[in-house]
Amino acid sequence: MTAPITMQSGGLSVPPHPTIPHIIGDGSGPDIWRASRPVIDAAVRAAYGDARSIEWMEVLAGQKAHDMLGTWLPEETVQAFRDYLVGIKGPLTTPVGGGIRSLNVALRQGLDLYCCVRPVRYFTGLETPVKHPELVDMVIFRENTEDIYAGIEFAADSPEAQTLRDWLSGAFPERAAKIRFPQTSGFGIKPVSREGTERLVRAAIQYAIDHRRPSVTLVHKGNIMKYTEGAFRDWGYALAEREFSAAPCGKGSWRQLPCGIVIKDCICDAFLQEILLHPAEHSVVATLNLNGDYCSDALAAQVGGIGISPGANINYRTGHAVFEATHGTAPALADQNKVNPSSFLLSAQMMLGYIGWHEAADALLRGVQAALAAHQVTADLASLIPGATALSSSDYAEALIAHILS
């Protein structure tokens with residue numbers, strides 16, 4: 001008998017043995033799942049004994065779905081995430097050619113998972129390319145449904161592009177004249193709304209309050225894109241004032257909440273310098289989709305790479321959430337028992353915290369921390385750590401379980 005997680009009175013209601021749908025993923029996805037499931041189950045068991053457990057339910061997407069059902073993303077899979085509220089997925093391929101643009105984007109947009117949440121922090125024992133990776137401790141809130149990822153594009157030689165060129169020339173000739181090579185230009189439309197901005201910034205500020213974080217940085221390119229990214233900045237500040245009683249704090253546009261949290265902003269290219277020069281000055285980051293993509297991967301590189309970078313896609317209004325490994329499918333490593341499952345496991349740790357199983361989340365995190373500190377790592381990290389011996393995916397999982405149960 002299945003037991004879904006539900007939303008009750010604005011919060012999650014989690015049964016002791018919830019059914020959680022999962023997508024195994026493509027390429028190295030099966031290796032990751034085989035290594036990860038026993039670790040997650042061990043963390044839950046270590047925290048609660050037999051009183052709680054997860055009932056895993058596989059749903060199909062990606063190559064496996066295409067091979068079995070002739071479709072990359074079955075509606076039954078999307079419906080399962082709707083019905084069971086919280087799920088997790090391995091890496092999925094992006095189909096080549098026509099059809100669906102991206103399975104990940106399709107899931108996010110289909111479920112209106114407007115917050116991509118990416119914590120980035122350093123784990124003791126890892127070698128990194130920066131001097132002080134321990135100063136990096138940020139949580140990125142990346143808008144998931146607007147910006148260029150809305151997917152409104154027209155190929156240069158398409159009738160749609162010609163229609164848009166003709167309309168621009170007639171309606172806004174001065175602006176159309178700025179297109180240097182109009183007949184060979186493709187076009188993309190970048191929507192940024194007040195509603196989309198406000199719900200993202202609201203979630204970021206609330207997260208900072210709930211987790212006692214010192215600041216929220218609005219990252220944007222508003223000096224150039226004034227009516228999209230500049231509006232994102234202005235709408236973010238306005239929301240902080242209206243809903244969180246933020247007040248000017250004597251630093252230009254900066255605002256401060258009564259609890260002391262500072263709301264500030266930074267131009268995106270300057271922010272990419274800031275995360276190298278002054279990473280400790282930024283804690284929670286709220287930004288648009290493309291900026292968030294760049295910044296989260298750059299930050300991950302500072303602490304050891306996306307192989308240890310978790311991620312979640314969340315709608316805080318409805319409670320829907322899909323947690324995911326943030327890296328690609330790595331087909332060259334498929335079925336070799338070599339791939340690093342840490343990104344998936346740390347995403348599962350986020351999921352456990354999200355459903356309120358904090359003791360299990362802490363147990364899983366302790367296991368990862370202890371293994372990395374002991375240089376018990378897979379090949380991708382062992383190549384960066386002098387003296388480390390590469391473990392297989394399954395041996396790494398066994399090391400984690402030993403640390404969890406110790």
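These lines cover the structure that appears in this document, whether it is placed above or below.

So, how was this worked out
- Residues numbered from 1 in each chain as written.
- Predicted model: local features only at pLDDT ≥ 70, side-chain atom pairs only at ≥ 80, totals over all residues.
- Heavy atoms only, no water.
- Helix = DSSP H or I, 4+ residues; strand = E, 2+ residues; numbered from the N terminus.
- Rg over C-alpha atoms; globule rule 2.2 N^0.38 Å.
- Buried < 20%, exposed > 50% of the residue type's maximum accessible area, 1.4 Å probe, protein only.
- Contact = heavy atoms within 4.5 Å.
- Lys, Arg positive; Asp, Glu negative; His and termini not counted.
- Charge placed at Lys NZ, Arg CZ, Asp CG, Glu CD.
- Expected span 1.5 Å × (residues − 1).
- Disulfide = S-S within 2.5 Å.
- Core = buried A, V, L, I, M, F, W, Y, C linked by side-chain atoms within 4.5 Å.
- Axes fitted to C-alpha atoms, helices over the stretch in contact; angles between N-to-C directions.
- Parallel < 35°, antiparallel > 145°, perpendicular 65-115°, else oblique.
- Left-handed = near helix turned anticlockwise from the far one by under 90°.
- Nonpolar A, V, L, I, M, F, W, Y, C, P; charged D, E, K, R; others polar.
- Pairing = 2+ DSSP bridges.
- Salt bridge = Lys/Arg side-chain N within 4 Å of Asp/Glu carboxyl O.
- Right-handed = clockwise from strand over helix to strand, strands pointing away.

Some points on the overall build of the protein
- Assigned secondary structure in the protein consists of 14 helices and 18 strands.
- Computed over its C-alpha atoms, the radius of gyration of the protein comes to 22 Å, within 12% of the 22 Å expected for a compact globule of 406 residues.
- Each principal axis of the C-alpha distribution contributes one length, and for the protein these read about 70 × 55 × 50 Å.
- Looking at the protein residue by residue over its 406 residues, the buried ones come to 51%.
- Residue pairs in contact within the protein that sit at least 24 positions apart in sequence constitute 72% of those at least 6 positions apart.
- Placing the 33 positive and 42 negative side-chain charges of the protein at their respective mean positions leaves the two points 5 Å apart.

Some details on helix H12 (residues 358-373)
- Taking 1.5 Å as the rise per residue, H12 with 16 residues should run 22 Å; its terminal C-alpha atoms sit 22 Å apart, in good agreement.
- Turning to H12, its buried residues are Ala360, Ala361, Ala363, Leu364, Leu365, Gly367, Val368, Ala371 and Leu372.
- In this structure, the buried residues of H12 make contact with helix H1 (29-48), strand E6 (115-121), helix H11 (342-354), strand E17 (376-378), helix H13 (379-382) and helix H14 (393-405).
- Among the residues trailing H12, histidine 375 stands out with phi positive, at a value near 60°.

Let's talk about the state of the cysteines
- Tallied over the full model, the rule gives zero disulfides.
- Here cysteine 249 is not cross-linked by a disulfide; its sulfur's nearest cysteine counterpart is in cysteine 259, at 12 Å.
- The class for cysteine 249 is partly exposed, based on a relative accessible area of 23%.
- Not engaged in a disulfide, the cysteine cysteine 295 finds its nearest cysteine sulfur in cysteine 268; these two sulfurs lie 4.1 Å apart.

Concerning unusual backbone geometry
- With a phi angle near 60°, aspartate 147 is a residue other than glycine that sits in the positive phi range.
- In this structure, aspartate 147 sits in the loop between strand E7 (137-143) and strand E8 (152-154).
- Classification of aspartate 147 by relative accessible area gives buried; the value is 0%.
- In the Ramachandran plot, serine 245 falls in the positive-phi region, its phi being about 60° despite a non-glycine side chain.
- With respect to the helices and strands, the residue serine 245 is situated in the loop between helix H8 (229-244) and strand E11 (247-248).

Here we look at the nonpolar core
- Judged by nonpolar contacts, the single largest core of 94 residues is most densely connected at Ile54, Phe141, Ile205, Val216 and Ile263.
- With nine residues, the single largest contributor to this core is H1.
- Beyond its immediate stretch of four places on either side in the chain, isoleucine 205 contacts Val216, Leu239, Ala240, Phe244, Leu257 and Ile263.
- Listed in part, the 14 residues of the second largest apolar core include Ile23, Ala61, Leu73 and Tyr84.

Some points on the packing of helix H9 (residues 268-277) against helix H10 (residues 289-303)
- Look at H9 against H10: their axes get within 10 Å of each other, and the N-to-C directions meet at 15°. Relative to H10, H9 is oriented roughly parallel. Crossing of H9 over H10 shows right-handed handedness. Counted together, Cys268, Phe271, Leu272, Ile275 and Leu276 of H9 and Asn291, Cys295, Ala298, Leu299 and Gln302 of H10 form the full contact between these two elements.
- For the contact of H9 with H10, the per-class residue count stands at eight nonpolar, two polar and no charged.

Concerning the packing of H1 against H12
- Where H1 meets H12, the closest approach of the two axes is 8 Å, and the angle between their N-to-C directions is 125°. As judged from the angle between their axes, H1 and H12 are oblique. Considering the relative orientation of H1 and H12, their crossing is right-handed. For the pair H1 and H12, the contacting residues are Val39, Ala43, Val44, Ala47 and Tyr48 in the first and His358, Glu359, Ala360, Ala363 and Leu364 in the second.
- In terms of residue class, the contact of H1 with H12 is made up of eight nonpolar, one polar and one charged.

Examining the sheet that holds strand E15 (residues 310-314)
- Spatial ordering of the open sheet is given by E4-E3-E5-E16-E15-E6-E7-E14-E10-E13-E12-E11, a layout of twelve strands whose pairing is mixed. Sheet topology places strand E4 (55-58) and E11 at the edges, where each strand pairs with a single neighbour.
- Here four bridges tie strand E5 (residues 86-89) to strand E16 (residues 321-325), and the two strands are oriented parallel to one another. Bridge pairing in E16 places valine 86 opposite alanine 321.
- Most of the contacts of H9 go to strand E13 (residues 262-267), to which it runs at about 110°, and overall it touches E7, strand E10 (215-220), E13 and strand E14 (284-287).

Considering the pattern of salt bridges
- All chains considered together, the criterion is met by 20 salt bridges.
- Note that arginine 199 is salt-bridged to aspartate 112, the shortest N-O span being 2.8 Å. One end of the pair, arginine 199, is in helix H7 (residues 194-210); the other, aspartate 112, is in the loop between helix H4 (103-110) and E6, with 87 residues separating them in the sequence.
- We classify arginine 199 as buried; its relative accessible area is 11%.
- We note a salt bridge from arginine 233 to aspartate 265, for which the minimum N-O separation is 3.2 Å. Taken together, the residues span a long stretch of sequence, with arginine 233 in helix H8 and aspartate 265 in strand E13 at a distance of 32 residues.
- Through salt bridges with shared partners, a single ionic network connects Glu198, Arg202, Arg242 and Glu243.

Side note on the pairing of E4
- Taken together, the four bridges between strand E3 (residues 19-23) and E4 define a ladder with parallel strand orientation. Pairing of histidine 22 across the sheet is with glutamate 58, part of E4.
- Handedness of the crossover is the feature at issue here: the chain leaves E3, passes through H1, returns alongside E4, and the resulting connection is right-handed.

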